[in-house]
Amino acid sequence: MPEEEKIKFSIITPERKVFEDVVDSVSLPTKNGEITILPHHIPLISTIIPGEVKIRKGEEEIPLVVAGGFVEVKGSSEVIVLADAAERVEEIDIERAEQARRRAEQLMREKAYDKVTFTEASAALQRALARLKVASKYRRHTYIKGSGVVKDEE
Amino acid sequence: MPGEIREIKKRIKSIKSTRKITRAMEMVAAAKMRKAINNVLSTRPYAMMAWDILRRLSKFYHHHPHPLLEEREEIKRVGLILITSNRGLSGSFNSNVINLAADYIAFHKEKIEIEADLVLMGRKGAEAMVKLGHTVVAEFDKVDVTTRIHEVRPLARLIIDEYLKGTYDKISIIYTDFISTILQRPRVKQLLPISGEDPYLGHIKGEEEIKMEVYEEKDLNNNNNNNNKDIYGGYLFEPSAQEVLDDLLPRLIEIQIYQAVLESDASEHSARMVAMKNATDAAGEMIYDLTLSYNQARQSAITQEIAEIAAAKTALE
């Protein structure tokens, strides 16, 4: 039964359903490192850290970026990611991520004594870095917003 | 009579200006409502999934004890979160939730000797609850249309902290469930302890049956991981059950509160829009009736004048 050998995969964020399809395998960045889920995985709950999600469907590989959340693998080869935020590669706003990175770095320098702000800023930095990393990996050319110029990634 | 005519004219004018105001309010409410409905509908799948996980986890409480999943034996104090709106003029929106809250407290007081404390969101609820003499522990500002989850984070944190400290043994949230633009229903939902059995629970849409997947221990024994101590109730937790639950449970509870606030937002603006629409329609009807009596009065005045002139003329001849 070919249907049985697939995974029903979906990524949901509080704002929308980012992805929903039947796929072959999914790689996720968890606290313990990257894991790949294949069909018939045992039920699992794990914490996701900011990073790249790789979805394989046939020959195709779909990259996405997540900003933390949780994953639940159900017994019926159903995988659900409850993400705080998630985007497809083409949706990543590089400029915004870059700004967020700079802001977070500045906060971390200035507010190093404030534990709460520091932790929040470092979490924001992780998210921004994850976005930038995924974007630069899959996009060879970047459209710089406003300037109308298509530039090579640095 | 000219005096009567002037009186009617004045009333028509004042009703017309009232209608202008209610119509403007209707438009504003409609715009806010669209935004709020959009928010609530896009968050629902997420909240539903989160609630699903919570309920499944609570089934396996004995496998992975966690203070947030624990059912306390004696319920002494109940914490209530009440979500209302800041402004009135929204039909029975606020009075419905407030009545439900009052009923809920009364119901609990009858059964067991309990104290109920309130955490409020929205100014209308605050006014009413203080008047009714209930203890208000905290009051949070409410924005008109909530869009970010950060906005409810302080409330969620307070509730979870107080629950863990043992100040409360049960926490419920009272909000208005958005069903459609013309139908909203106030409801009570028990947040803590997370219990799979409560018929009141279940997702906002509540009606659909959530299938419980119970994974048998023996199924897992066929697996290589059967000596992993983090397999409980069929779930494998990574890195560890403790760590995952510590992260997951507060987050999921926060989402439930967020969803409740969004539902209330959508309900509030829908209720206000409908109320204002009714007011505008009623004003229109009133203007119609008054115009009719105005014309009648004017006509009879003219007729009377003519009759008087005619009478005077006949008298002269």
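From a predicted model like this one, the values you see are computed outputs, not experimental measurements.

**A word on the overall build of chain B**
Thinking step 1. A count of helical and extended segments in chain B gives 6 helices and 7 strands.
Thinking step 2. Ordered by position from the N terminus, the helices and strands of chain B form the series α-β-α-β-α-β-α-β-β-α-β-β-α.
Thinking step 3. A total of 317 residues make up chain B; the buried ones form 48% of that total.
Thinking step 4. In chain B, 75% of the contacts between residues at least 6 apart in sequence involve partners at least 24 apart.

**Brief notes about the interface of chain B and chain A**
Thinking step 1. Tallying the contact residues gives 29 residues for chain B and 25 residues for chain A.
Thinking step 2. Buried surface at the junction of chain B and chain A, summed over both partners, amounts to about 2,400 Å²; 62% is from carbon and sulfur atoms.
Thinking step 3. Interface area lost by chain B to chain A is led by Tyr46(B), Met49(B) and Glu238(B), which between them contribute 25%.
Thinking step 4. Put simply, chain B and chain A have 3 salt bridges between them.
Thinking step 5. Between Lys31(A) and Asp247(B) there is a salt bridge; the shortest N-O distance is 3.1 Å.
Thinking step 6. The interface formed by chain B and chain A includes 3 residue pairs in polar contact (both at pLDDT 80 or more).

**Topic: the domain arrangement of chain B**
All names here are of chain B.
Thinking step 1. Domain annotation of chain B identifies domain 1 (2-28 + 273-316) and domain 2 (44-215 + 243-266).
Thinking step 2. Taken together, the contact pairs 5 residues of domain 1 with 5 residues of domain 2.
Thinking step 3. It is Val274, Ala275 and Met276 in domain 1 that bury the most area against domain 2; as a group they hold 70% of the surface buried on that side.
Thinking step 4. At the boundary of domain 1 and domain 2, one finds 0 residue pairs in polar contact (both at pLDDT 80 or more).
Thinking step 5. The element that contributes the greatest number of residues to the side of domain 1 that touches domain 2 is helix H6 (residues 241-316), accounting for 4 residues.
Thinking step 6. Its residues assigned to classes, the side of domain 1 that touches domain 2 shows 5 nonpolar, no polar and no charged.

**What to know about the packing of aromatic side chains**
Thinking step 1. In this structure the tally under the stated criterion is 1 aromatic pair over all chains.
Thinking step 2. On the basis of an interplanar angle of 50° and a centroid distance of 5.9 Å, the ring pair of Phe9(A) and Phe19(A) is categorised as tilted. Separated by 10 residues along the polypeptide, Phe9(A) in strand E1 (residues 7-12) and Phe19(A) in strand E2 (residues 17-23) bring together distant segments of the chain.
Thinking step 3. Stacked on the ring of Trp51(B), the Lys or Arg Lys189(B) has its end atom at 4.5 Å from the ring centre.

**Quick word on the pairing of strand E1 (residues 77-83) of chain B**
All names here are of chain B.
Thinking step 1. Of all the 7 residues making up E1, 6 are buried; the element is thus mostly covered by neighbouring parts of the structure.
Thinking step 2. Where E1 meets strand E4 (residues 170-180), 5 bridges bridge the pair, whose relative direction is parallel. When the sheet's bridge partners are listed, glycine 79 is paired in E4 with isoleucine 171.

**Regarding the nonpolar core**
Thinking step 1. Among the nonpolar cores identified, the biggest contains 58 residues, and Leu82(A), Leu57(B), Ile81(B), Leu192(B) and Ile257(B) are the most heavily contacted of them.
Thinking step 2. Sort the elements by how many residues they give to this core and H6(B) lands first, with 15 residues.
Thinking step 3. Discounting residues that sit within four places of it in the chain, Ile257(B) has contacts with Ile81(B), Val152(B), Leu155(B), Ala156(B), Ile173(B) and Leu191(B).

**Description of the pairing of strand E5 (residues 183-192) of chain B**
Residue and element names in this part refer to chain B.
Thinking step 1. E5 sits mainly inside the fold: 7 of its 10 residues count as buried.
Thinking step 2. Bridge analysis of E4 against E5 gives 9 bridges, and the strand direction is antiparallel. The residue bridging serine 172 from the neighbouring strand is glutamine 190, located in E5.
Thinking step 3. With antiparallel pairing between neighbouring strands as the criterion, E4 and E5 make up a hairpin whose turn holds 2 residues.

**Observations regarding the confidence of the model for chain B**
Residues and elements named next belong to chain B.
Thinking step 1. Of the residues in chain B, 83% reach a pLDDT of 70 or more, and the chain-wide mean stands at 78.
Thinking step 2. Predicted confidence for residues 196-231 stays below pLDDT 50, and this span has 69 contacts to residues more than four positions away or in other chains.
Thinking step 3. Reported confidences for the modelled complex are a pTM of 0.78 and an ipTM of 0.71.

**Some words on the environment of Asp93(A)**
Thinking step 1. Here Asp93(A) is to be found in the loop between strand E10 (86-88) and helix H1 (94-110).
Thinking step 2. When the C-alpha positions of Asp93(A) and Ala135(A) are compared, they lie 8.8 Å apart, and in sequence the two are 42 residues distant.

Conventions and cut-offs
- Residues numbered from 1 in each chain as written.
- Chains lettered and ligands numbered in written order.
- Predicted model: local features only at pLDDT ≥ 70, side-chain atom pairs only at ≥ 80, totals over all residues.
- Heavy atoms only, no water.
- Helix = DSSP H or I, 4+ residues; strand = E, 2+ residues; numbered from the N terminus.
- Buried < 20%, exposed > 50% of the residue type's maximum accessible area, 1.4 Å probe, protein only.
- Contact = heavy atoms within 4.5 Å.
- Buried area = accessible area lost by both parts, 1.4 Å probe.
- Salt bridge = Lys/Arg side-chain N within 4 Å of Asp/Glu carboxyl O.
- Polar contact = N/O pair within 3.5 Å; in protein donor to acceptor, adjacent residues only side chain to side chain.
- Domains from an automatic or database assignment.
- Nonpolar A, V, L, I, M, F, W, Y, C, P; charged D, E, K, R; others polar.
- Phe/Tyr/Trp six-rings, centres within 6.5 Å; stacked < 30°, edge-to-face > 60°.
- Lys NZ or Arg CZ within 6 Å of the ring centre and 35° of its normal.
- Pairing = 2+ DSSP bridges.
- Core = buried A, V, L, I, M, F, W, Y, C linked by side-chain atoms within 4.5 Å.
- pLDDT = per-residue confidence, 0-100.

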